[in-house]
Every structure is written in C-alpha cells, then in structure tokens.
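# Architecture and fold: a report
Each chain, written out:
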Amino acid sequence: MTPDPRLFDAWARLPDYLGSHVLVSLTALALGLGVSLPLAIVSMRRPLLRGALLGAASVIQTIPGIALLALFYPLLLALAAASDNIFGASFSALGFLPSVLALALYSMLPVLRNTVTGLAGVDPRLREAARVVGMTPGQTLRDIELPQALPVIMAGIRTSAVWVIGTATLATPIGQTSLGNYIFAGLQTQNWVFVIFGCVAAAALALVIDQLLAQMERGVALRSRVRIWGGALGLVLVVLAALTPGYGATQGTYVVGTKSFTEQYVLGALIQQRLAANGLSSERRDGLGSAVLFKALTSGDVDVYVDYSGTIWANYMKHSEVQPRDIVLKDVGRWLKATYGVRMLGSLGFENAYALAMPRQKADALGINTIADLAAHSGEMTIGGDYEFFDRPEWKAIRSAYGLRFKDQRSMQATFMYQAAVNGDVDVVSAFSSDGQIAKYDLKVLTDPKQAIPPYDAIVLIGPGRATDTRLAAALKPLIGAIPVATMQEANLRASSTGASPNDVAGWLWDKIGKAGAKIKAAPNDMTD
C-alpha cells in the first residue's frame with residue numbers, strides 16, 4: 001500500500017508550523033503571566049480593583065478567539081502608522097505581534113481567578129501568626145501566602161496554557177504561521193489529512209505542556225524539588241525541540257499573500273514558483289482574510305498577491321454601478337496607484353466572479369435560467385453563501401436589482417457550499433465562476449441579465465514598496481493574460497478533489513499554460529504603467 005503523499009507533505013511542514021506555534025504561544029503565555037500575576041496580587045487588598053480586573057478578563061473571554069485576533073491587526077496598523085509619522089520608525093502589524101497580544105489577553109482570566117482564589121483561601125491564622133512574629137506584608141506574601149496558594153495558581157496556569165495553545169491555531173488569518181495552517185488550508189482544499197494532522201498536533205502539544213505543568217504542580221503540592229525541576233526541564237526541552245528546526249530557516253526576500261480559498265493557495269504557490277525560477281526567494285502568508293490581506297499589501301507587510309477587480313471596485317472604491325470589464329480594470333489600476341501606490345501588473349486572463357448557482361435538475365424542472373427567473377421562487381428557497389457573501393455590497397446589489405427574498409440564508413465554509421446544494425440542505429449557493437466544483441456537482445450557473453454583479457478579473461497586485469521592482473515584475477509578467485478560465489477551473493478541481501497539494505497543482509498549471517502558449521488578450525495589462 002502506497003503511503004498518502006499528503007502525509008509526507010504534512011510531516012515536511014511540521015518543523016515550521018510547530019516552531020512558530022510554540023513561539024507565539026510561549027511568548028503570549030509569558031506576557032499574560034507577567035501581567036496577570038502581579039495584578040492579581042495587588043488587587044487582593046483592593047476589592048474594587050479585583051472586581052474590575054476579573055470582570056474585564058471575563059468579558060474578553062466571551063469574545064471569540066478569531067475575532068479578538070482579527071481586531072488587533074487594524075489597531076496595530078494604526079499605531080504603526082502613527083509611530084512612523086511621529087518617530088520615523090514603524091513595525092509590522094501582521095502576524096506575530098497581534099497574535100501575541102490577543103493570546104496574552106486570552107490567557108489572563110484563569111491566572112487572575114486562580115491567583116485571587118488561592119490567596120483568598122490561605123488560612124487567616126497563618127497570616128495572624130506572621131503578623132505576631134513581626135513579618136512585614138511583603139514577607140508574609142512571599143513566605144506564607146504565595147507558597148500556600150501556589151498549587152491553585154499552577155492549576156490556573158495549566159488552564160491558561162491549554163487555552164492559548166488551542167486558540168493559537170486561529171492566528172492563521174492574520175498572518176501568523178501556526179498549526180492552524182494545516183486546518184485552514186485543509187478545509188479549503190478538502191485535504192482531510194491536513195485537517196486531522198493539524199488537530200492531532202495541536203492537541204498533542206497541549207497535552208504534553210499540560211502534563212509537564214501538572215508535574216510541576218504536584219511538585220509544589222508535595223514540596224518536591226525533583227518534580228518541579230523535572231517538569232521545568234521538560235518544558236525547556238519541548239520548547240527547544242520545537243524551535244531548533246526554525247533557527248536555520250531563512251526569510252524570503254518577497255512576501256506572497258493568499259486569501260483563504262483553494263484558488264488562492266494555488267495562485268500563491270504559482271507566484272512563489274515563478275519567483276524561485278527567476279532566482280528570487282520568497283515566503284508565503286497563506287489564508288489571510290480579504291480585508292487583512294489588502295491592508296497588509298498597502299502597508300508593506302505583503303509584497304504581492306492576486307485579488308479580483310470586482311472586490312476592489314465594490315468594497316474599496318465603493319462603486320455600486322457596474323461598468324464594462326475593461327473600464328473597471330483601468331479604473332481599478334489607476335485608483336490603486338493614486339491612492340496607495342499599489343501597482344496592478346495586469347489580469348491573469350480569467351474571471352472568478354460571484355454567481356448564483358443551483359442543482360441543474362432542480363433549476364430545469366422549475367424553468368430557472370437567470371437570476372430574474374429565480375426571483376419568482378426565492379420566497380420558498382434557502383440560499384447558502386461563504387462567510388463574507390451576505391455582508392458584501394455585491395449581495396445587496398443582486399438582491400436589490402432582482403427583488404430576491406429568500407426564506408432563509410445560511411453562511412458556511414465555502415468548501416461545503418456545493419455539497420450542501422447537492423444534498424438539498426440549501427437550494428441556491430453563491431458560487432465562484434472559476435471553481436471546478438460547479439462542473440463536478442453539475443450545478444447550473446444562473447445568468448445575470450441586469451449585470452448586477454461587477455466583473456471579477458483575477459489581477460496581480462504589487463505593494464507600494466515593490467512597485468518599481470523590475471525583477472519582481474519580470475518574473476510575474478509571463479502569467480499575465482496566460483490562464484484561461486477553463487484551465488483555472490481544472491486546477492481548482494485538482495486541488496480540491498484529487499489530493500494534490502497546491503504546490504503540485506501550481507506546477508501542473510505552469511506546465512499547462514507554458515505548453516499551450518496561452519495568451520488571453522481580453523484584458524489590458526499593467527494598468528499602472
């Protein structure tokens with residue numbers, strides 16, 4: 001039996017993903033402990049402060065981890081801009097720093113609560129005896145209260161460590177490499193080996209750290225220095241083992257960004273391979289949120305990525321009207337250059353537009369060919385969309401243009417939308433026109449006679465810091481106008497259905513367009529030149 005190549009791929013990525021995960025988790029936990037322990041001790045004799053601290057920590061804990069992580073990026077981005085204006089020095093707001101700060105906040109509640117509980121549970125007679133023998137409050141805290149409360153405090157630290165390690169898997173969308181990279185990429189490409197591998201690795205890391213902390217906790221309770229130092233040494237060894245493979249890793253000269261769906265992973269790998277073929281080193285930031293990625297490009301944290309003309313047109317330029325494809329491309333290119341200094345190298349040659357689709361058999365039975373036809377039946381139907389779709393201006397434009405009123409709408413992982421339509425869980429989905437699963441599941445794409453949906457050419461964007469980089473532009477120029485939509489559909493289907501990795505599919509894609517010599521001229525190139 002031949003081993004699954006996806007498992008080898010997962011093992012190959014483990015040193016990078018695990019090392020980054022341990023580093024961000026350890027830093028966040030250390031910061032959280034460094035803040036929460038002193039605050040808990042200071043608040044012991046200040047009831048109002050204690051109540052405020054526990055209340056604030058509890059509120060933070062109610063915020064979903066992925067939301068807390070995402071909120072820190074725009075905040076730090078603003079602070080970086082202010083620092084640059086005032087002091088002439090900036091810092092990267094993407095990845096490590098927002099992850100550490102968010103996770104540190106997430107770690108504080110169990111430490112605060114257990115420290116307060118442990119100190120409050122110290123026998124009052126011990127405090128009185130300390131006072132009688134003339135010990136100062138500081139000596140009482142150091143020699144009596146903290147040793148008595150330490151087992152309870154250690155239990156809080158254990159809980160905090162497990163929470164931080166688990167939540168760190170959600171840091172991928174803001175650019176922090178972690179074990180979550182397996183999970184996010186696996187969900188989008190239907191690589192269940194990656195999903196399971198990431199979950200098992202994160203759980204194993206949390207269990208190992210928890211057991212080593214438990215050893216130290218038992219050592220404290222039993223006053224056993226052997227257990228305490230044994231647990232501490234184990235922690236040091238785990239951290240060194242996780243981080244050592246990353247010490248020799250080199251940072252890429254260029255940073256390639258991707259959004260969190262299959263096509264983006266393939267195109268990100270394709271760009272990275274083209275750079276490598278031209279002697280340029282690079283690193284990838286995969287699975288970023290759409291808005292996060294655009295801000296990362298304009299702020300210099302990402303150098304190049306593929307976006308879509310309709311996304312820029314509707315979301316950032318705030319246009320509600322729909323213009324012809326060539327006009328949208330020209331206006332988007334000019335606006336990006338004038339507003340942010342971003343260079344639009346050109347269109348890859350295909351569109352990945354939003355479209356409404358439904359199972360062909362059902363659509364034919366109801367005589368639905370267009371979105372206008374759908375409107376008459378929408379009140380009895382359920383529509384499914386990806387996480388962003390129902391909050392995007394495109395959805396508002398479609399709904400307004402055709403008077404759509406669905407019985408229910410459901411947001412879900414984009415990977416599962418098509419299967420949900422086939423299974424009858426939803427009647428209509430917000431499909432992507434270049435997705436190979438449309439053909440796989442025999443879905444019917446409904447035409448848009450009122451042209452409510454703007455054109456969505458896939459466009460290569462280069463950040464302001466690299467806009468005049470001739471080597472970067474030359475390496476990517478062969479991709480411009482070279483990818484037909486049918487070829488991209490096949491590539492997407494390979495990445496999501498055959499078990500091939502995005503890197504393998506990117507290699508196949510380059511071989512395909514190179515052999516075919518495809519050069520689509522439907523879209524003008526390099527609108528900023």
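Residues numbered from 1 in each chain as written. Predicted model: local features only at pLDDT ≥ 70, side-chain atom pairs only at ≥ 80, totals over all residues. Heavy atoms only, no water.

## A word on the pattern of salt bridges
Any two side chains of opposite charge can pair, on the condition that their charged atoms come close. This is how the line gets drawn: For this analysis, a salt bridge means a side-chain nitrogen from Lys or Arg found within 4 Å of a carboxyl oxygen belonging to Asp or Glu. Numbering goes from the N terminus for both helices and strands, where a helix is a DSSP run of H or I of at least four residues and a strand is a run of E of at least two. Think of it in three bands: residues with accessible area under 20% of the maximum for their type are buried, residues over 50% are exposed, and the middle band is partly exposed, with areas taken using a 1.4 Å probe on protein chains only.
In this structure the tally under the stated criterion is 22 salt bridges. Here Arg158 makes a salt bridge to Glu217, at a shortest N to O gap of 2.9 Å. Of the two residues, Arg158 sits in helix α6 (residues 137-167) while Glu217 sits in helix α8 (residues 192-222), which places them 59 residues apart along the sequence. Note on Glu217: relative accessible area 18%, which makes it buried.

## A word on a nonpolar patch on the surface
Test applied: In this scheme, patches are assembled from residues that exceed 30% relative accessible area and form no salt bridge. Like charges are connected within 9 Å, while nonpolar side chains (Val, Leu, Ile, Met, Phe, Trp, Tyr) are connected within 5 Å. For the area figures, the Shrake-Rupley method with a 1.4 Å probe applies, and any residue is considered shielded solely by the protein chains shown.
On the surface, a cluster of nonpolar side chains totalling about 320 Å² of accessible area is made up of Leu75, Leu79, Phe91 and Leu97. Mapping Leu75 onto the fold places it in helix α3 (residues 65-87).

## Some details on the confidence of the model for the chain
To keep it simple, the criterion reads: In predicted models, pLDDT denotes the confidence assigned by the predictor to each residue on a 0 to 100 scale. A contact between two residues is defined here by any heavy atoms of the two lying within 4.5 Å.
Per-residue confidence for the chain gives a mean pLDDT of 88, with 95% of residues at or over 70. Note on residues 518-524: pLDDT is under 50 here. Beyond four places in sequence and across chains, it has 21 contacts.

## Some words on unusual backbone geometry
One non-glycine residue, Lys318, lies in the positive phi region at around 65 degrees. Inspection of the secondary structure puts Lys318 in the loop between α12 (309-316) and α13 (325-340). A relative accessible area of 64% places Lys318 in the exposed class. Despite not being glycine, Gln451 shows a phi value in the positive range, around 50 degrees. Along the chain, the position of Gln451 falls in the loop between β9 (443-445) and β10 (457-462).

## As for the side chain of Thr258
Applicable threshold: In protein, a polar contact means a hydrogen-donor-capable atom and an acceptor-capable atom, both N or O and within 3.5 Å, with residues adjacent in sequence counting only if both atoms are side-chain atoms; elsewhere, any N or O pair within 3.5 Å suffices.
Here Thr258 shows up in strand β1 (residues 254-259). The buried category is assigned to Thr258, whose relative accessible area is 0%. Here Asp286 takes part through its side chain, which lies 2.9 Å from a polar atom of the side chain of Thr258. A polar contact of 3.1 Å, which involves the side chain of Thr258, links it to the backbone nitrogen of Gly287. Not counting residues up to four positions away in its chain, the partners in contact with Thr258 are Gln264, Tyr265, Gly268, Arg284, Arg285, Asp286, Gly287, Leu288 and Leu293.

## A short note on the nonpolar core
Operational definition: Here, nonpolar core means buried Ala, Val, Leu, Ile, Met, Phe, Trp, Tyr and Cys residues that are tied together by side-chain atoms lying within 4.5 Å of each other.
Residues Leu356 and Leu374 are the most contacted members of the largest nonpolar core, which totals 71 residues. Tallying contributions element by element places helix α10 (residues 262-277) first for this core, with six residues. Core analysis: the second largest hydrophobic core is formed by 39 residues, Met108, Leu109, Leu212 and Val239 among them.

## With respect to the packing of aromatic side chains
Filter applied, for reference: A pair of aromatic rings is counted whenever rings of Phe, Tyr or Trp (Trp by its six-membered ring) have centres within 6.5 Å, and the orientation is called stacked for planes under 30 degrees apart, edge-to-face for over 60 and tilted otherwise. Criterion for a charge above a ring: Arg CZ or Lys NZ at most 6 Å from the ring centre, at most 35 degrees from the ring normal.
Under the definition given, this model contains 17 aromatic pairs. Between the aromatic rings of Tyr354 and Tyr456, the centroid separation amounts to 6.0 Å while the plane-to-plane angle is 90 degrees, which identifies the pairing as edge-to-face. Here Tyr354 is found in strand β5 (residues 354-359), whereas its partner Tyr456 is found in the loop between β9 and β10, with 102 residues between them in sequence. Tyr354 sits in the buried class, given a relative accessible area of 8%. Clustering of aromatic rings is evident, with ring pairs tying together Phe261, Tyr308, Tyr354, Phe389, Phe390, Trp395, Phe406, Phe432 and Tyr456. For Arg274, the ring lying beneath its charged end belongs to Trp510, and the centroid distance is 3.9 Å.

## Concerning the environment of Val24
Mapped onto the elements of the fold, Val24 is located in helix α1 (residues 5-43). In this structure, the C-alpha to C-alpha distance between Val24 and Ser282, residues 258 residues apart in sequence, is 22 Å. Once you skip the residues sitting within four places of it in the chain, Val24 turns out to touch Phe96, Ser99, Val100, Leu103, Ala168 and Gln176.

## So, the packing of α10 against helix α20 (residues 485-497)
Working note: a packed helix pair is described by the angle between its axes plus the distance between those axes. To be explicit about the condition: Axis definition: a line fitted to C-alpha atoms, over the contacting stretch in the case of helices. Angles run 0 to 180 degrees between N-to-C directions. Small angles under 35 degrees read as roughly parallel and large ones over 145 as roughly antiparallel, with 65 to 115 read as roughly perpendicular and the rest as oblique. The classification used treats Ala, Val, Leu, Ile, Met, Phe, Trp, Tyr, Cys and Pro as nonpolar, Asp, Glu, Lys and Arg as charged, and all other residues, Gly among them, as polar.
The N-to-C vectors of α10 and α20 enclose an angle of 105 degrees; their axes lie 9 Å apart at closest approach. As far as their axial angle goes, α20 and α10 are roughly perpendicular. Counting all contacts with α10, which are made through Thr262, Glu263, Val266 and Leu267, the residues of α20 involved are Met488, Asn492, Ala495 and Ser496. Broken down by class, the residue content of the contact of α10 with α20 amounts to four nonpolar, three polar and one charged.

## Description of α12
With seven of eight residues buried, α12 lies mostly within the body of the structure. Every buried residue of α12 is listed here: Ser309, Gly310, Thr311, Ile312, Trp313, Ala314 and Asn315. Where α12 is buried, its residues contact β1, α11 (290-299), β3 (304-308), α13, α16 (393-402) and β10.

## A word on α6
Given 3.6 residues to a turn, an α-helix orients residues that are three or four positions apart in the same direction. How we decide: Here a helix's expected span is defined as the number of its residues, less one, multiplied by 1.5 Å. Bend at a residue means the angle formed by two fitted axes: the first through the 7 residues ending at that position, the second through the 7 residues beginning there.
Along its 31 residues, α6 runs just 38 Å from first to last C-alpha, ending more than 12% under the 45 Å computed at 1.5 Å per residue. At Leu150, α6 shows its maximal bend, which comes to roughly 55 degrees, and the proline Pro151 appears one to four places after that position.

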